[in-house]
Amino acid sequence: MAGTKNHDYHILPPSIIPFAGSMSALLMAVGAILWMQSIDTMGIVFYAGTAAVAATMYFWWAQVVKEAHAGDHTPVVQLHLRYGMILFIASEVMFFVGWFWAWFDFSLFPSSADVIGGTWPPQGVEVLNAFELPLLNTLILLCSGTTVTWAHHSLINGDRDGLIKGLWLTIVLGVLFSAVQAYEYTVAPFPFKDLNYGSAFYMATGFHGFHVLVGTIFLIVCLVRSYKGHFTPKQHFGFEAAAWYWHFVDVVWLFLFLVIYVWGGWGAATH
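Residues numbered from 1 in each chain as written. Predicted model: local features only at pLDDT ≥ 70, side-chain atom pairs only at ≥ 80, totals over all residues. Heavy atoms only, no water.

An unreviewed UniProt entry lists the protein under the name cytochrome-c oxidase, with Blastomonas aquatica given as the organism. Within the UniProt record for the protein, the comment given under Sequence similarities (unreviewed entry) is "Belongs to the cytochrome c oxidase subunit 3 family." (UniProt positions renumbered as here; feature names shortened; annotations may be inferred.)

Caption draft 1: Structural view of the overall build of the protein. Within the protein one finds 7 helices and 0 strands. The helix and strand sequence of the protein, counted from the amino end, reads α-α-α-α-α-α-α. Seen along its three principal axes, the alpha-carbon backbone of the protein occupies a region of about 75 × 45 × 30 Å. Contacts in the protein between residues far apart in sequence, at least 24 positions, make up 76% of those at least 6 positions apart. Here the protein displays about 15,300 Å² of accessible surface, and carbon together with sulfur accounts for 72% of that area. Of the side chains in the protein, 9 bear a positive and 15 a negative charge, and the two mean positions are spaced by 19 Å. (Helix = DSSP H or I, 4+ residues; strand = E, 2+ residues; numbered from the N terminus. Contact = heavy atoms within 4.5 Å. Areas by Shrake-Rupley, 256 points an atom, 1.4 Å probe, with all protein chains shown as cover. Lys, Arg positive; Asp, Glu negative; His and termini not counted. Charge placed at Lys NZ, Arg CZ, Asp CG, Glu CD.)

Caption draft 2: Seen up close, the packing of aromatic side chains. Counted under the stated rule, the structure contains 27 aromatic pairs. Here the aromatic rings of F190 and Y202 are separated by 5.6 Å at their centres, their planes lie at 55°, and the arrangement is tilted. Linking F190 in the loop between α5 (160–187) and α6 (196–227) with Y202 in helix α6, this pair joins segments that are 12 residues apart in sequence. Of the residues examined, F190 reaches a relative accessible area of 4% and is grouped as buried. (Phe/Tyr/Trp six-rings, centres within 6.5 Å; stacked < 30°, edge-to-face > 60°. Buried < 20%, exposed > 50% of the residue type's maximum accessible area, 1.4 Å probe, protein only.)

Caption draft 3: View of helix α2 (residues 42–69). Helix length check: α2 (28 residues) gives 41 Å between terminal C-alpha atoms against 40 Å at 1.5 Å per residue, within 8%. Taken as a whole, α2 has its buried residues at M42, G43, G49, V53, T56, V65, E67 and A68. Structurally, α2 contributes buried residues whose contacts are with α1 (17–36) and α6. Looking at the residues trailing α2, positive phi occurs at G71, about 85°. (Expected span 1.5 Å × (residues − 1).)

Caption draft 4: Geometry of the environment of F257. Along the polypeptide, F257 turns up in helix α7 (residues 237–263). Judged by its relative accessible area of 7%, F257 falls in the buried class. Taking the C-alpha atoms as reference points, F257 and T138, separated by 119 residues in sequence, lie 7.4 Å from one another. The contacts of F257, once residues within four sequence positions are left out, are A130, F131, P134, L135, T138 and V262.

Caption draft 5: The arrangement of the packing of α5 against α7 in detail. At a closest axis distance of 13 Å, the pairing of α5 and α7 adopts a crossing angle of 30°. In this structure, the crossing between α5 and α7 has a hand that is left-handed. Along its contact with α5, which presents L163, L167, T170, G174, F177, Q181 and E184, the element α7 presents F239, W246, W253 and Y261. Broken down by class, the residue content of the contact of α5 with α7 amounts to 7 nonpolar, 3 polar and 1 charged. (Axes fitted to C-alpha atoms, helices over the stretch in contact; angles between N-to-C directions. Left-handed = near helix turned anticlockwise from the far one by under 90°. Nonpolar A, V, L, I, M, F, W, Y, C, P; charged D, E, K, R; others polar.)

Caption draft 6: Just the pattern of salt bridges, in detail. Across all of its chains, the model carries 2 salt bridges by this definition. E240 is paired through a salt bridge with R82; the nearest N and O atoms lie 2.6 Å apart. Here R82 lies in helix α3 (residues 75–108) and E240 lies in helix α7, a separation of 158 residues in the sequence. (Salt bridge = Lys/Arg side-chain N within 4 Å of Asp/Glu carboxyl O.)

Caption draft 7: How the structure looks around the environment of A52. Inspection of the secondary structure assignment puts A52 in helix α2. With a relative accessible area of 25%, A52 lands in the partly exposed category. In this structure the C-alpha to C-alpha distance between A52 and F192, which are 140 residues apart in sequence, comes to 30 Å.

Next up, the structure:
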């Protein structure tokens, strides 16, 4: 019979959300670009686009949650959702490869940039002590990795109390990490511009900090859904994706700590 579903895949109905999302992103980008060109009124356009993007994300993911509760996320669909998350994390890995590449290029071939005197770190630049605030943040993120794993295992074993406690601890540690990094930026002895060291440092660590904020929001959404009883031991891809993302953030920070803070500042004067 025509129209009869004889497969395990979920066919999405027509939706305006993807189009609205693309137009919102365009509005946000145009507003940001023109605002950076000193057209002050474009700031309103940027914030309007940002709000529209946030609304798109909310309504889109709310629809995904409804599909999950409706039984549309069959084992095959869940498998492909996992494939999608894996590819997304892979793309994020390549994003950070670019910043590591820039750092290694500046540090291994310093003679190509006369402005830094042929040395790395640049002459006269004081660096942050890797074994003070950066080490503290490393310990914070490592602890958050254990708490999110605790939450995951609690969910798998049907322990909702452990799930909620683990998520709370992970979120608190994520916020604490962001607070420590913000303070670190206020005491950093080098500027963002006019130095290869400063620009590479702030871009790499700053984008990681942004990913920590995104991951924290991701976990907060999972916490709210946990209170509502959305996740079950057999169906909890939303939480699983958040846990994967958080572990990715942890691993990237370990590389940042070793490469930028420890190796990148080795032998230089510390602030």
